[in-house]
Amino acid sequence: MTEEERNKEIEWLMGSIKRSIVRNYSKIKWLIILSVLPFAFGIYLLFDSYDNGYEGASLFFTIGAGLLLLGLFEIIYGKKMARAETPQELLAIYDKKWILESVLLLAFIVGLVLLDNSILVSKTCKVLAVVLFLIANWLAMNQKLRLWVAMMLLIAESALLYFSGLDLLEGICFLIVMLSVFKGEKLFGAGLGGEDGDEAAESKQEIKQLRALLKESEGNA
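Residues numbered from 1 in each chain as written. Predicted model: local features only at pLDDT ≥ 70, side-chain atom pairs only at ≥ 80, totals over all residues. Heavy atoms only, no water.

Caption draft 1: The nonpolar core, seen in detail. Within the largest apolar cluster, 15 residues are counted, with the highest numbers of intra-cluster contacts made by I17, M81, L90, L91 and L210. Among the elements of the structure, helix 1 (3-34), helix 3 (53-82), helix 4 (87-115) and helix 8 (194-220) are those that each provide at least two residues to this core. With 5 residues, helix 1 is the single largest residue contributor to this core. In this structure L90 touches M14, I17, K18, M81, A84, I207 and L210, once residues within four positions along its chain are discounted. In this structure, A136, L139, L153 and L175 belong to the second largest nonpolar core, which totals 10 residues. (Core = buried A, V, L, I, M, F, W, Y, C linked by side-chain atoms within 4.5 Å. Buried < 20%, exposed > 50% of the residue type's maximum accessible area, 1.4 Å probe, protein only. Helix = DSSP H or I, 4+ residues; strand = E, 2+ residues; numbered from the N terminus. Contact = heavy atoms within 4.5 Å.)

Here it is, written out as structure tokens:
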């Protein structure tokens, strides 16, 4: 590949990545809208007559805050990537977004542990249930979630929720969200196959291609 061909490919990849960011805004808006549901359910639990009403409320408040922050990060850094003038700037913003989202995920899991006053077994099951859900969503977004894997994950999630000590209504709500990911709804990204999964995988592949072309260009400089 000549330098001119490489530059044209880099320019095309930048345009394609930016177009994908714009198309992704509608899904991000849904993510922010959905963050209202855990907050609303948490407020409901504050007035629950059960002894663990505050505990359940803190769990759903944490989930709502995590969804809201994730959506805001996607919008803020998506706009920065869309305004990037050079491929190096675009990749730098992408890497920063990835780091911040990883820190947010870690803080989310730690927050669940700190807010939970239950026994160790119950606390461990709750954290594992969230981790398992995140793994399932990652597999779905990367089109690696097969039907038999989804069934096994759902069974394992049900068992973890049962031993976590959550109320029946709380557990059902959590399973409904997990089922929506398996079904392919546009909640947390792409679902089980479909065009959204193709687009998400293609966007990640374009980031890798852009990074490789820049490295090749710098090596030939």
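Having seen the structure, we can now continue with the description.
Caption draft 2: Local environment of the pattern of salt bridges. This structure, assessed with the given rule, holds 5 salt bridges. The shortest N-O distance in the salt bridge between K97 and E74 comes to 3.4 Å. Of this pair, K97 sits in helix 4 while E74 sits in helix 3, and the two are 23 residues apart along the sequence. We note that K97, like E74, is buried. Because the salt bridges share partners, they merge into one network encompassing E3, R6 and E216. (Salt bridge = Lys/Arg side-chain N within 4 Å of Asp/Glu carboxyl O.)

Caption draft 3: Geometry of the packing of aromatic side chains. Per the counting criterion, the structure on display carries 2 aromatic pairs. Note on F39 and F61: the rings are 6.1 Å apart at their centroids and 35° apart in plane angle, and the pair reads as tilted. Here the residue F39 occupies a position in helix 2 (residues 36-46), and F61 occupies one in helix 3, the gap between them amounting to 22 residues. Given a relative accessible area of 27%, F39 falls into the partly exposed group. Arranged with centres 6.3 Å apart and planes meeting at 70°, the rings of F73 and Y77 form a pair that is edge-to-face. Linking F73 with Y77, this pair stays in helix 3, spanning 4 residues, or about one helical turn. (Phe/Tyr/Trp six-rings, centres within 6.5 Å; stacked < 30°, edge-to-face > 60°.)

Caption draft 4: Spatial organisation of helix 6 (residues 147-164). When the terminal C-alpha atoms of helix 6 are compared, their 25 Å separation across 18 residues agrees well with the 26 Å that a helix rising 1.5 Å per residue should span. Restricting attention to buried positions, one finds in helix 6 the residues V149, A150, L153, E157, L160, L161 and S164. Mapping the buried residues of helix 6 onto a view down its axis gives an arc of 100°, with all of them on the same face. Exposed side of helix 6, more than 90 degrees from the buried face: L147, W148, M152, I155, Y162 and F163 are the residues found there. A positive phi of about 85° marks G165, the residue just after helix 6. (Expected span 1.5 Å × (residues − 1). Arc of directions from axis to C-beta.)

Caption draft 5: The side chain of E74, seen in detail. The exposure class of E74 is buried, given its relative accessible area of 18%. A polar contact is formed between the side chain of E74 and the side chain of K97, at a distance of 3.4 Å. If we skip the residues at most four places from it in the chain, E74 touches N24, I28, K97 and E101. (Polar contact = N/O pair within 3.5 Å; in protein donor to acceptor, adjacent residues only side chain to side chain.)

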